[in-house]
Amino acid sequence: MLLLGANGIGTGTHTFEHDVLTRAGWHNYLQVPGYQQLDLERIVTDPPDAVLWASTSGNALANRFSEHPALRHSLPPDRWLTTDYWRWQCPGPWTWGLVDELRRKLP
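Residues numbered from 1 in each chain as written. Predicted model: local features only at pLDDT ≥ 70, side-chain atom pairs only at ≥ 80, totals over all residues. Heavy atoms only, no water.

## Some thoughts on the sheet that holds strand β5 (residues 80–82)
In sheet architecture, strand pairing relies on hydrogen bonds along the backbone and comes in two forms, parallel and antiparallel. With respect to topology, 5 strands assemble into an open sheet ordered β3-β2-β1-β4-β5, the strand pairing being mixed. Bordering the open sheet on either side are β3 (35–37) and β5, each of which pairs with just one other strand. When the angles between neighbouring strand axes are averaged without regard to direction, this sheet yields 35 degrees. (Pairing = 2+ DSSP bridges. Helix = DSSP H or I, 4+ residues; strand = E, 2+ residues; numbered from the N terminus. Axes fitted to C-alpha atoms, helices over the stretch in contact; angles between N-to-C directions.)

Spelled out as structure tokens, the structure:
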């Protein structure tokens, strides 16, 4: 799974988000440490099994990367997942609910 945020930033290893994804049973698409500026061409030619869109909603330019037609066509609509954005902001008791929710979305 690719955890995709605003401005085309993806979440790699050694992060809170990576730990949540792997605890839920997903394989993190990005196998490099930290947060990475994503390459649209790489994702389109080698798509992840799912994309989890984790950003605020709205019409901001920061969300344009996720709206690119090539990216949207590289995965079926049911492999574009969302969660409540606020639960990614910091760990807390809600994190276990997030892990359970992501586990239920495994293919």
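## As for unusual backbone geometry
Even without glycine at this site, Asn 7 takes up a positive phi of about 60 degrees. Turning to its location among the elements, Asn 7 is positioned in the loop between β1 (2–5) and β2 (9–11). With a phi close to 60 degrees, His 14 is a non-glycine residue in the positive phi region. Of the residues examined, His 14 reaches a relative accessible area of 70% and is grouped as exposed. (Buried < 20%, exposed > 50% of the residue type's maximum accessible area, 1.4 Å probe, protein only.)

## A short note on the packing of aromatic side chains
Under the counting rule described, the total for this entry stands at 1 aromatic pair. Between Arg 72 and the ring centre of Trp 80, over which it is positioned, the NZ or CZ distance is 3.8 Å. (Phe/Tyr/Trp six-rings, centres within 6.5 Å; stacked < 30°, edge-to-face > 60°. Lys NZ or Arg CZ within 6 Å of the ring centre and 35° of its normal.)

## Section: the environment of Val 99
Looking at the secondary structure, you find Val 99 in helix α4 (residues 94–104). Considering only alpha carbons, one finds Val 99 and Leu 81, 18 residues apart in sequence, at a separation of 14 Å. With residues near it in sequence (within four places) discarded, Val 99 still touches Val 20, Arg 23 and Ala 24. (Contact = heavy atoms within 4.5 Å.)

## Thoughts on the pattern of salt bridges
The final tally for this structure, using the stated rule, is 4 salt bridges. A salt bridge links Asp 84 to Arg 87; the nearest nitrogen and oxygen atoms lie 4.0 Å apart. Classification of Arg 87 by relative accessible area gives buried; the value is 9%. The closest approach of N and O atoms between Arg 87 and Glu 101, which form a salt bridge, is 2.2 Å. Placement of the pair is Arg 87 in the loop between β5 and α4 and Glu 101 in helix α4, with a sequence separation of 14 residues. The pair formed by Arg 87 and Glu 101 is uniform in burial state, with each residue classed as buried. (Salt bridge = Lys/Arg side-chain N within 4 Å of Asp/Glu carboxyl O.)

## Remarks on the layout of surface pockets
Left-over empty space is what a probe sized like a water molecule reveals as it rolls over the atoms. Considered as a void within the structure, the largest pocket measures approximately 190 Å³ in volume. If you trace the largest pocket, you find 13 residues lining it, with Gly 5, Thr 11, Glu 17, Ala 54 and Tyr 85 closest to the centre. Of all the secondary structure elements, the ones that give two or more residues to the lining of the largest pocket are β1 and β2. Among the elements that make up the lining of the largest pocket, the one with the highest residue count is β1 (3 residues). By residue class, the composition of the lining of the largest pocket is 8 nonpolar, 4 polar and 1 charged. (1 Å grid on protein atoms, 1.4 Å probe; cavity = no way out; pocket = protein on both sides within 12 Å on 5 of 7 lines; lining within 4 Å. Points joined across faces, edges and corners; volume = space filled by probe spheres on them. Nonpolar A, V, L, I, M, F, W, Y, C, P; charged D, E, K, R; others polar.)

## Section: α4
Within α4, the full set of buried residues consists of Thr 95, Leu 98, Val 99, Glu 101 and Leu 102. Seen end-on, α4 carries its buried residues on one side only, within an arc spanning 165 degrees. In α4, the exposed residues that point more than 90 degrees away from the buried face are Trp 96 and Arg 104. Those residues of α4 that are buried are in contact with α1 (16–23), β4 (51–53) and β5. (Arc of directions from axis to C-beta.)

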